[in-house]
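What follows is the residue order along each chain.
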Amino acid sequence: MKTYQLVGIGNAVVDVISQSDDSFLDHMGIEKGIMQLIERERGEVLYAAMANRVQTPGGSVANTIAGAGALGLDAAFIGRVHDDALGRFYADAMNEDGVDFVNPPVPGGELPTSRSMIFVSPDGERSMNTYLGISSELSSDDVSKDVAGKSQIMFLEGYLFDKDKGKTAFLEAARDCHEGGGKTGIAISDPFCVERHRADFLSLIENELDFVIGNEDEIKSLFETDDLEAALAKTAEICPLVVCTRSGDGVSVLSDGQRIDVPVEKIVPVDATGAGDQFAAGFLFGLATGRDLETCAKIGCVCAREVISHIGPRPEANMQDLLRDAGLL
């Protein structure tokens, strides 16, 4: 059984992207610039209304794992797709990205593959309408002990916390990974996710995890405070490694009583989607290859900078070349 440098568990969502103007959004009753969860029927209506659809494999942690694969890590992704056209597309696309999609598409009368209908306005705003479908049904049955127990680093997606079986799968995967000598961490995913499950989140971070990666809002949400410094200090008390991305203000890394602040050069994003996901890809690549924490953060910033310079949440440039140019490889 193979050993992976990095394994992610998360939602396997096909992003379906279409250009549209504000009058179309009004006509379809789509709220501009936000992510809304929708039901299956609404998803089918919106999907049918999309002109010139472009499909890409998405999902927050899946984007991170694909980014880490592009950097050269031996990586795998655990997610749940249906054996339908979108599910087969997703599995094939992940494998083509150099990431092992370890669970075959699920046949039978299951829910369809998850998809997010994304309408891009002329001003670059993205209005996302996500039907969670089969991926939100991920459970312990989908997480092979062989894969979890042989991963050096395991990265979990906070969104899967919304269902009890997702939480159980997390706990078992984290413990299997630790038994095999690996490290586990979480992408907090969303402040609203924390609001819904704060006690469970904090318990998981304190008792089961080796690292946590989140942005300012997510870290503050953990302790219901507007004071980022207080939230960082409290998170560092319960977790050995805390990484906080602060958009234009750079990155703060807290570990073993030490703090590292890495500045970033501010640029205007073409499309900010995936910045956090690709930062995590770079940071975890650094961690998996034995870099010091400052270098890990710098690699993360290079990856985030690349992804916000174009449309779409996954890298397009040769990331190894970019890191060489920055003196980081």
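Residues numbered from 1 in each chain as written. Predicted model: local features only at pLDDT ≥ 70, side-chain atom pairs only at ≥ 80, totals over all residues. Heavy atoms only, no water.

An account of the UniProt feature "domain: Carbohydrate kinase PfkB" (unreviewed entry) in the protein chain is requested, with residue identities and associated values reported.
Those places that UniProt annotates as "domain: Carbohydrate kinase PfkB" (unreviewed entry) correspond, in this numbering, to residues 35-314. Between the C-alpha atoms that bound residues 35-314 there is a distance of 19 Å. The span itself is 42% helix and 21% strand. (UniProt positions renumbered as here; feature names shortened; annotations may be inferred. Helix = DSSP H or I, 4+ residues; strand = E, 2+ residues; numbered from the N terminus.)

Explain the packing of helix α10 (residues 275-288) against helix α11 (residues 293-307) to me, and be specific about the residues and the numbers.
Where α10 meets α11, the axes come as close as 7 Å, and the angle between the chain directions of the two elements is 145°. In the crossing of α10 with α11, the sense of the turn from one axis to the other is right-handed. Contacts between α10 and α11 involve Ala275, Gln278, Phe279, Gly282, Phe283, Phe285, Gly286 and Leu287 from the first element and Leu293, Cys296, Ala297, Ile299, Gly300, Cys301, Cys303, Ala304 and Val307 from the second. Residue classes in the contact of α10 with α11 are distributed as 13 nonpolar, four polar and no charged. (Axes fitted to C-alpha atoms, helices over the stretch in contact; angles between N-to-C directions. Left-handed = near helix turned anticlockwise from the far one by under 90°. Contact = heavy atoms within 4.5 Å. Nonpolar A, V, L, I, M, F, W, Y, C, P; charged D, E, K, R; others polar.)

Mind laying out the pairing of strand β10 (residues 183-187), listing which residues take part and the relevant values?
Judged by how many residues are buried, β10 sits mostly within the fold: four of five residues are covered. Note that the unit made of strand β9 (residues 151-157), helix α6 (residues 164-179) and β10 has a crossover that is right-handed. Pairing geometry for β10 and strand β11 (residues 211-215), over three bridges, is parallel. Across the sheet, the residue bridging to Gly185 is Phe211, located in β11. In this view, the connection linking β10 to its parallel neighbour β11 by way of helix α7 (residues 191-208) has right-handed handedness. (Buried < 20%, exposed > 50% of the residue type's maximum accessible area, 1.4 Å probe, protein only. Right-handed = clockwise from strand over helix to strand, strands pointing away. Pairing = 2+ DSSP bridges.)

Go over the packing of aromatic side chains with me, naming the residues and quoting the values.
Within the structure shown, the criterion is met by seven aromatic pairs. An aromatic cluster is built from Phe77, Tyr90 and Phe101, whose rings are joined through pairwise contacts. We note Arg53 situated over the ring of Tyr47; from NZ or CZ to the ring centre the distance is 4.0 Å. (Phe/Tyr/Trp six-rings, centres within 6.5 Å; stacked < 30°, edge-to-face > 60°. Lys NZ or Arg CZ within 6 Å of the ring centre and 35° of its normal.)

Which residues make up the sheet that holds strand β2 (residues 13-19), and what are the values?
Overall, mixed pairing links the five strands, which are arranged β3-β8-β7-β2-β4 in an open sheet. The open sheet terminates on both sides in strands that have one partner only, identified here as β3 (35-37) and β4 (54-58). If you compare each strand with its neighbour and ignore which way they point, the axes differ by 25° on average. Pairing analysis gives five bridges linking β2 to β4, with the strands arranged antiparallel. Residue pairing across strands places Val16 opposite Gln55, the latter belonging to β4.

Which residues make up the sheet that holds strand β14 (residues 258-262), and what values do they have?
In space, the nine strands of this open sheet follow the order β6-β5-β1-β9-β10-β11-β12-β13-β14, with mixed pairing throughout. Looking at which strands have only one partner, the edges of the open sheet turn out to be β6 (99-101) and β14. Between one strand and the next, the sheet's axes are offset by a mean angle of 20°, whatever the strand orientation. Bridging between strand β5 (residues 75-78) and β6 involves three bridges; their strand directions are parallel.

Quick rundown of the nonpolar core? Include the residues and the values.
Judged by nonpolar contacts, the single largest core of 57 residues is most densely connected at Leu6, Phe77, Tyr90, Phe155 and Phe283. When residues in this core are grouped by element, the largest group, eight residues, is from α11. Leave out the neighbours within four places in its chain, and Leu6 touches Ile65, Ala68, Leu73, Asp74, Ala75, Ala76, Ile153, Phe155 and Leu284. Judged by nonpolar contacts, the second largest core, of 37 residues, contains Ala148, Phe161, Ala173 and Leu202. (Core = buried A, V, L, I, M, F, W, Y, C linked by side-chain atoms within 4.5 Å.)

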